[in-house]
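Letter by letter, the chains look like this.
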Amino acid sequence: MSIEATPVTPAQLVAEVTKLKAEGYRLVTFSSVEIDAENMEILYHFDKDLKLKNLRLSVKKGGSVPSISGVLFTAFLIENEIRDQFSITFEGLVLDYQGKLLNDCLTTPQTSPFCRMQVASSGAAAKEVR
Amino acid sequence: MARTVIPFGPQHPVLPEPIHLSLVVEDEKVVEALPTLGYVHRGLEMLATKRDYNQMIQIVERVCGICSMIHSLCYCQGMEEMLGVEVPRRAKMLRVVWSELHRLHSHLLWLGLFADSFGFESLFMQLWKIREKVMDLNEATTGNRVIVSVNVVGGVRANLDESQVRWIKDTLVDVEASIKSLQSTIMHDSTVCRRTQGVGVLTKQAAYDLGAAGPMLRGSGVAQDMRQLKYAGFDEIAFEPIVETAGDCWARSNVRFREALQSIDLVRQALDRLDDTELAAKVKGKPEGEVITRVEQPRGECLYYLKGNGDKFLDRVRIRTPTFANIPPLAAILPGLDFADVPVVVLSIDPCISCTER
């Protein structure tokens, strides 16, 4: 059993999403799925009149794909989350959190705009920096 | 004019859960808003690779307490589709009963918090007093007030006897009368109207384009509700989505108020359709393939993508919750508001951050 999904290439993605938007489809979300040690898929779920239409995009782990946030602003949050969780980058992301959407400060040194402290490094050497 | 960045949250009197908004203001007007998440991210989706598909029911129930029953309903429906299980009719109707009781107490909770956000404490207390009667129904019929844990793959694990059905119906008469007694206050009181009418307006087109969900979408005039997909027992139950057109905080609160009353009607319809079939069907095999399933939570559309490989562990559980969908529309309507209206508008999306971050 598998869902119906139209395969798209990175080069086709933005044009296909623009076409769906023009046809009156609403973006529901994307699902990122690990296929094997090196490959992933991103499934884009769209809705119109309660019927789903899916696009399937293959991507290498740690790879890069075009952002659709320029066409559908609501995609910016999903793309930032996928970047945080699966290290896939999105080219042309309109609001880029630089991998800090979920504030995962224990894995990499980073700061947040509202917190005066940061963790300088992880593990035993971790310390608070003011 | 000088710009000032004001941090809103993660701890704020109107926020039941932590989210941060960096608000750029000029004088008292918000000109930019940037949301930040990450305070309650638990990585629950990833547990699918470490807990078998039955144990995952307890995990998805903890994505969010107040939507717990509907999370597990969505997950179980997906598993049932993947495993080819036909759920007995009684179980489908019982799922409607408990999911609508969840919606009812969630909306009463939110209406109370919303009243509290603009300082209407007595309305807040009245609404939460009514909600306690619904929580008593949950506790007496399932053993728990919030995380009722009734769903299993194939059906439900709890039942209602005739005396419980009568008691639920009697209690709902009382709850309905109590909610209706507050109708004129919630819809027409000048304090409520001044703080909510014309505030945080999201147009119909913007709501659709920005991917808004649930009362946020229907409050802007889009008649879309996942219960129209006729999942669980909704295929036999009369249901029409509740819609308002103003797109402001008042419209969103009225959608939820009317949905609370509608949930009472849906519970009654489901109780009248309880038959003598089994509570759960037998489940055989291991999950293989991929499915997408959708339900309507109190905050809106919830989507589960599930992928199995023939093992007892799933390869992927992807959960898209309604508040996640409602954050971009929130970020879009905050600019232009008076700073004093921000708490009311933020609360008007009914933010559920534990759902959002999972």
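Counting restarts for each chain: residues are numbered from 1 in the order of the written sequence. Chain labels run from A onward and ligand labels from 1 onward, assigned in the order the entries are written. Residue-level local features of this predicted model are given only where pLDDT is at least 70; pairs of side-chain atoms are given and counted only at 80 or more, and the full residue set underlies all totals for whole chains, interfaces and linings.

(A) Structural context of the overall build of chain B. Each helix corresponds to a stretch of at least 4 residues labelled H or I by DSSP, and each strand to a stretch of at least 2 residues labelled E; elements are numbered beginning at the N terminus. Within chain B, the secondary structure is distributed over 13 helices and eight strands. In this treatment the radius of gyration is a C-alpha quantity, and the globule benchmark scales as 2.2 Å times the residue count to the 0.38 power. The globule rule puts the C-alpha radius of gyration for 358 residues at 21 Å, and the 20 Å found for chain B is close to it. Overall size of chain B, expressed as C-alpha extent along the three principal axes, is 70 × 45 × 35 Å. Counting only residues that meet the buried cut, chain B has 54% of its 358 residues in that class. Think of it this way: build a C-beta for each residue from its backbone, and any pair within 7 Å is a contact. Summarising the internal contacts of chain B: among those between residues at least 6 apart in sequence, 71% fall at separations of at least 24. Exposed residues have 12 or fewer other C-beta atoms within 10 Å of their own C-beta, buried residues have 20 or more, and partly exposed residues fall in between, where C-beta atoms are placed from the backbone.

(B) Fine view of the overall build of chain A. Each helix and strand counted, chain A has two helices and eight strands in total. In chain A, the succession of helices and strands from N to C terminus is β-α-β-β-β-β-α-β-β-β. Evaluated residue by residue, chain A yields a buried proportion of 32% over its 130 residues. The contacts of chain A with a sequence gap of at least 6 include a subset with a gap of at least 24, amounting to 37%.

(C) Structural view of the packing of helix α3 (residues 89-117) of chain B against helix α10 (residues 249-272) of chain B. All names here are of chain B. Lines fitted to C-alpha atoms define the axes, with helix axes restricted to the stretch in contact, and inter-axis angles between N-to-C directions lie between 0 and 180 degrees. At a minimum axis distance of 8 Å, the contact between α3 and α10 shows a crossing angle of 155°. Put simply, α3 runs roughly antiparallel to α10. Two packed elements cross with a definite hand, and for α3 against α10 that hand is left-handed. Touching Met 93, Val 96, Val 97, Glu 100, Leu 101, Arg 103, Leu 104, His 107, Leu 108, Trp 110, Leu 111 and Phe 114 of α3 are Ser 253, Arg 256, Phe 257, Glu 259, Ala 260, Ser 263, Ile 264, Leu 266, Val 267, Ala 270 and Leu 271, all from α10. For classification, angles of less than 35 degrees are called roughly parallel, those exceeding 145 degrees roughly antiparallel, those between 65 and 115 degrees roughly perpendicular, and all remaining angles oblique. Helix crossings are classified by the rotation of the near helix relative to the far one: an anticlockwise turn of less than a right angle makes the crossing left-handed, while a clockwise turn makes it right-handed.

(D) Representation of the confidence of the model for chain B in the model. Residues and elements named next belong to chain B. Per residue, pLDDT captures the predictor's confidence, and it can take any value from 0 to 100. When pLDDT is averaged across chain B, the result is 90; 100% of the residues are at 70 or more. Per-element mean pLDDT across chain B ranges from 83 in helix α13 (residues 353-357) up to 95 in α10. ipTM for the predicted complex: 0.88, alongside a pTM of 0.88.

(E) Quick look at the sheet that holds strand β3 (residues 29-36) of chain B. Residues and elements named next belong to chain B. If DSSP finds at least two bridges between two strands, the strands pair. One open sheet holds the three strands; their spatial order is β1-β2-β3, and the pairing between them is antiparallel. The sheet terminates laterally at β1 (3-8) and β3, the two strands that pair on one side only. Geometrically, the sheet is characterised by an average inter-axis angle of 20° between neighbouring strands, direction not taken into account. Of the strand pairs in this sheet, strand β2 (residues 20-26) and β3 are connected by seven bridges, and their pairing is antiparallel.

(F) How the structure looks around the interface of chain B and chain A. On the side of chain A, 23 residues touch chain B, which itself brings 26 residues to the contact. Listed by contribution, the elements that provide at least two residues to the side of chain B that touches chain A are β2, β6 (288-297), β7 (300-309), β8 (314-320) and α11 (322-333) of chain B.

(G) Representation of helix α5 (residues 162-181) of chain B. All names here are of chain B. The end-to-end C-alpha distance of α5 is 29 Å, a good match for the 28 Å that 20 residues give at a rise of 1.5 Å each. For α5, the set of buried residues is Ile 168, Leu 172, Val 175 and Ile 179. For α5, the angular spread of the buried residues around the axis is 70°, confining them to a single face. Across from the buried face of α5, at angles greater than 90 degrees, the exposed residues are Glu 162, Ser 163, Arg 166, Asp 170, Val 173, Asp 174, Ala 177 and Ser 181. How far a helix is expected to stretch is found by multiplying one less than its residue total by 1.5 Å. The reported arc concerns the directions from the helix axis to the C-beta atoms and nothing else.

(H) Quick peek at unusual backbone geometry. Residue and element names in this part refer to chain B. Residue Ser 149 is not a glycine yet carries a positive backbone phi of 55°. Counting through the fold element by element, Ser 149 comes out in the loop between α4 (121-142) and β4 (151-152). Using a count of 18 C-beta atoms within 10 Å as the deciding quantity, one classes Ser 149 as partly exposed.

(I) Spotlight on the packing of helix α2 (residues 68-83) of chain B against α3 of chain B. All names here are of chain B. Interhelical geometry of α2 versus α3 gives an angle of 140° and a closest axis separation of 8 Å. What the angle tells us is that α2 and α3 run oblique. Of the residues in α3, those in contact with Met 69, Ile 70 and Leu 73 of α2 are Arg 95, Trp 98, Ser 99 and His 102. Just so you know the grouping, Ala, Val, Leu, Ile, Met, Phe, Trp, Tyr, Cys and Pro go in nonpolar, Asp, Glu, Lys and Arg go in charged, and all remaining residues, Gly too, go in polar. In terms of residue class, the contact of α2 with α3 is built from four nonpolar, two polar and one charged.

(J) Representation of the nonpolar core. Residue and element names in this part refer to chain B. Take the buried Ala, Val, Leu, Ile, Met, Phe, Trp, Tyr and Cys residues, join any whose C-beta atoms are within 7 Å, and the set you get is a nonpolar core. Counting 138 residues, the largest nonpolar core has Met 56 and Leu 334 as its most contacted members. Residue contributions to this core peak at 13 residues, all from α3. With residues up to four places along the chain from it excluded, the contact list for Met 56 reads Ala 48, Arg 51, Tyr 75, Leu 314 and Val 317.

(K) Structural view of the confidence of the model for chain A. Taken over all residues, the pLDDT of chain A has a mean of 80, while the share at 70 or more is 78%. Confidence drops under pLDDT 50 across residues 105-130 of chain A; counting only partners more than four residues distant or on other chains, this segment forms 31 contacts.

(L) Representation of α3 of chain B. An ideal rise of 1.5 Å per residue puts 42 Å on 29 residues; α3 of chain B measures up with 42 Å between its terminal C-alpha atoms. Across the 29 residues that make up α3 of chain B, a large majority, 25, are buried.

(M) Spotlight on the sheet that holds β6 of chain B. Residues and elements named next belong to chain B. Spatially, β6-β7-β8 is the arrangement adopted by the three strands of the open sheet, whose pairing is antiparallel. Sheet topology places β6 and β8 at the edges, where each strand pairs with a single neighbour. Taking the axes of each pair of neighbouring strands and ignoring which way they run, one obtains an average angle of 10° across the sheet. When β7 meets β8, the two strands line up antiparallel, connected through six bridges. Residue pairing across strands places Leu 306 opposite Val 317, the latter belonging to β8. Contacts from α2 reach β6 and β7 within the one sheet, and its direction differs from that of β6 by about 150°. Packing of α11 onto the sheet brings it into contact with β6, β7 and β8, and relative to β7 it is tilted by some 125°.

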